[in-house]
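Here are the chains, one letter per residue:
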Amino acid sequence: MLLALSFLWIQNSRLSSLNQAFELRDQEQKAAIESLQSDFKVQTEGLLAIQSRNQEIEAEMSRYLDIFKRHNLSKLAAAKPGLIETRVNNGTKEVFESIEQDSRNIDSLDDGLQLRANP
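Residues numbered from 1 in each chain as written. Predicted model: local features only at pLDDT ≥ 70, side-chain atom pairs only at ≥ 80, totals over all residues. Heavy atoms only, no water.

(A) Summary view of the overall build of the protein. In terms of helices and strands, the protein carries three helices and zero strands. By principal-axis analysis of the C-alpha atoms, the protein measures approximately 110 × 20 × 20 Å. Sorting the 119 residues of the protein into buried and exposed places 5% on the buried side. A total accessible area of about 10700 Å² is found for the protein, and carbon and sulfur atoms account for 59% of it. Put simply, the protein has 14 plus and 18 minus side-chain charges, and the middle of one group is 7 Å from the middle of the other. (Helix = DSSP H or I, 4+ residues; strand = E, 2+ residues; numbered from the N terminus. Buried < 20%, exposed > 50% of the residue type's maximum accessible area, 1.4 Å probe, protein only. Areas by Shrake-Rupley, 256 points an atom, 1.4 Å probe, with all protein chains shown as cover. Lys, Arg positive; Asp, Glu negative; His and termini not counted. Charge placed at Lys NZ, Arg CZ, Asp CG, Glu CD.)

(B) The arrangement of helix 3 (residues 81-108) in detail. With 28 residues, helix 3 should reach 40 Å at 1.5 Å per residue; the first-to-last C-alpha distance of 41 Å fits that figure. Ile 84, Ser 98 and Asp 102 are the residues of helix 3 that are buried. Those residues of helix 3 that are buried are in contact with helix 1 (2-70) and helix 2 (73-79). (Expected span 1.5 Å × (residues − 1). Contact = heavy atoms within 4.5 Å.)

(C) Representation of the pattern of salt bridges. Overall, the coordinates contain five salt bridges when judged by the stated rule. Across the salt bridge formed by Glu 56 and Arg 53, the nearest N and O atoms sit 3.4 Å from each other. With Glu 56 and Arg 53 both in helix 1 and three residues apart, this pair spans about one turn of that helix. Under the relative-accessibility criterion, Arg 53 is labelled partly exposed at 29%. Across the salt bridge formed by Arg 104 and Glu 100, the nearest N and O atoms sit 3.9 Å from each other. One end of the pair, Arg 104, and the other, Glu 100, are both in helix 3, four residues apart, so they sit about a helical turn from each other. Overall, the relative accessible area of 47% leaves Arg 104 in the partly exposed class. In this structure Glu 100 comes out as partly exposed when scored by relative accessible area, which is 45%. Taken together, the shared-partner salt bridges connect Arg 53, Glu 56 and Asp 102 into one network. (Salt bridge = Lys/Arg side-chain N within 4 Å of Asp/Glu carboxyl O.)

Next comes the structure, spelled out in structure tokens:
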């Protein structure tokens with residue numbers, strides 16, 4: 001009887017230790033899942049913002065292409081070179097500024113995300 005009780009006590013101690021280890025692992029996994037869900041939410045919001053901006057840019061591009069289709073720019077540039085040059089320069093400047101801003105936005109999307117090395 002004493003031997004059976006001793007065996008059960010040892011078995012209970014071992015199972016208790018295993019249970020604590022599993023509970024710790026479970027807590028770590030829940031924290032990792034919450035972190036991944038949070039990161040996914042941030043990425044999703046960023047991607048939606050970029051997608052919205054992309055739609056705006058495409059609409060603007062369509063508007064500009066329509067303007068180019070309706071006007072003979074070669075003829076206009078020959079007649080009024082100063083008018084065309086300043087508009088083209090201003091448009092080019094706006095495009096490059098927009099590209100720089102979009103690049104900053106894309107670069108900032110992963111700020112605050114934690115990267116883990118693969119084991």
